[in-house]
Amino acid sequence: MSTLAFAQVNNRVRDLAPGLIVSLIAAGAASFLAEHYGAPVMLFALLLGLALNFLSADGKCKAGIEFTARSVLRLGVALLGMRITLEQMAGLGWKAVALVVILVVVTIGVSMVAAKAMGFQRLFGMLTGGATAICGASAALALAAALPSHPQKERATLFTVIGVSALSTLAMILYPMIANALGLSPQAAGVFLGATIHDVAQVVGAGYSMSTETGDTATVVKLMRVAMLVPVIVVAAMIARRQGIDSTGKRPPLLPWFAVGFLILACVNSTGWVPLAVQGSINELSRGCLVVSIAALGMKTQLKELAAVGIKPILLMVGETVFLVLLVLGLMHVGI
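Residues numbered from 1 in each chain as written. Predicted model: local features only at pLDDT ≥ 70, side-chain atom pairs only at ≥ 80, totals over all residues. Heavy atoms only, no water.

Q: How should I be thinking about the overall build of the protein in this particular structure?
A: For the protein, the helix and strand inventory stands at 15 helices and zero strands. Relative to a compact globule of 336 residues, whose C-alpha radius of gyration would be 20 Å, the protein shows 20 Å and is just as compact. Considering only intrachain contacts with a sequence separation of at least 6, the fraction spanning at least 24 residues in the protein is 79%. When the accessible area of the protein is evaluated, it comes to approximately 15,400 Å², of which 69% is carbon and sulfur surface. Where the 22 positive side-chain charges of the protein centre and where its 13 negative ones centre are 11 Å apart. (Helix = DSSP H or I, 4+ residues; strand = E, 2+ residues; numbered from the N terminus. Rg over C-alpha atoms; globule rule 2.2 N^0.38 Å. Contact = heavy atoms within 4.5 Å. Areas by Shrake-Rupley, 256 points an atom, 1.4 Å probe, with all protein chains shown as cover. Lys, Arg positive; Asp, Glu negative; His and termini not counted. Charge placed at Lys NZ, Arg CZ, Asp CG, Glu CD.)

Take a look at the structure:
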């Protein structure tokens, strides 16, 4: 029996290895380019994956690419929990928590309504709205993993990753200028940047470009938005369950395993017992998993499919970004 099990594992590894290896190579190249040219690593990984999309049609690589795009992605999302502590959220007080909850709920709700009005499925609005309101490409990938299967889901996910990465980079440049023009205090500027910029890396870059206090505040507010991944994933899982069985013939769980892992790691990290070196290593592993998985997702997508999306999805994402900025400024103005 053990010999048979070993043979099955060996065959599975041999099936997955080619696709996993090419995904790792693409992710490594993306990391090198990001370090040398200062652009988002997710965007480079996606573009390199798209350039290698012919590999997904290769029988040798297909299984490994599928595994990377699905299972490695979910592992990366689970490991994001090591970025969060309850103490960080409590340190900013109830107003910051209320602001984050309101902006996430309202932005996703408005995005779903706007998507429906523009002729898209509401789930596309949930995907783009979640990416805008929570944590950019990471949220898009996490939500895509939880949402029910759909023929257009992968194309929608990749479009969202491209759009949110580009908008986040633009925001990193423009939003500190807006904070200065509005005369915001260092802490208020940190709240503004942390509540509006999509990706964690761009929040850190924008915040610390202004001051240490602004950077610290922006990072904590951003991590509070990351923590909103869990309830939003639960809602997405409930939608998947309501729509019936998934592609494997099983009913999706109410709380996916990667959301459970996220919660467990956040609780463990909140104890203060985790050494900084371990935290850093797990955060790097999470980032690596997400980069590798987005490269694999790119390999599964045809460029002509992305080119056919038209102008309306772009307008939707730009509109969501502008709405988020106005909503946050409005909430800050009324004292939340």
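Q: Before we go on, may I ask you to explain the side chain of Thr214 in this structure?
A: Examined against the element boundaries, Thr214 turns out to sit in helix H10 (residues 212–227). Within the local environment of Thr214, its side chain forms a polar contact with the side chain of Ser211, the two groups lying 2.9 Å apart. Beyond its immediate chain neighbours, meaning those up to four positions away, Thr214 contacts Pro186, Ala189, Gly190, Leu193 and Gly207. (Polar contact = N/O pair within 3.5 Å; in protein donor to acceptor, adjacent residues only side chain to side chain.)

Q: Even after reading the chapter, I still don't get the packing of aromatic side chains, so can you show me in this structure?
A: Given two aromatic rings, one states the distance between the centres and the angle between the planes to describe the pair. The tally for this structure, following the rule as stated, stands at three aromatic pairs. Here Phe124 and Phe159 contribute two aromatic rings whose centre-to-centre distance is 6.4 Å and whose plane-to-plane angle is 40 degrees, an arrangement assigned as tilted. Linking Phe124 in helix H6 (residues 122–146) with Phe159 in helix H7 (residues 153–181), this pair joins segments that are 35 residues apart in sequence. We classify Phe124 as buried; its relative accessible area is 13%. For Phe159, a relative accessible area of 11% corresponds to the buried category. Taken together, Phe120, Phe124 and Phe159 form an aromatic cluster joined through their ring pairs. Stacked on the ring of Phe120, the Lys or Arg Lys312 has its end atom at 5.7 Å from the ring centre. (Phe/Tyr/Trp six-rings, centres within 6.5 Å; stacked < 30°, edge-to-face > 60°. Buried < 20%, exposed > 50% of the residue type's maximum accessible area, 1.4 Å probe, protein only. Lys NZ or Arg CZ within 6 Å of the ring centre and 35° of its normal.)

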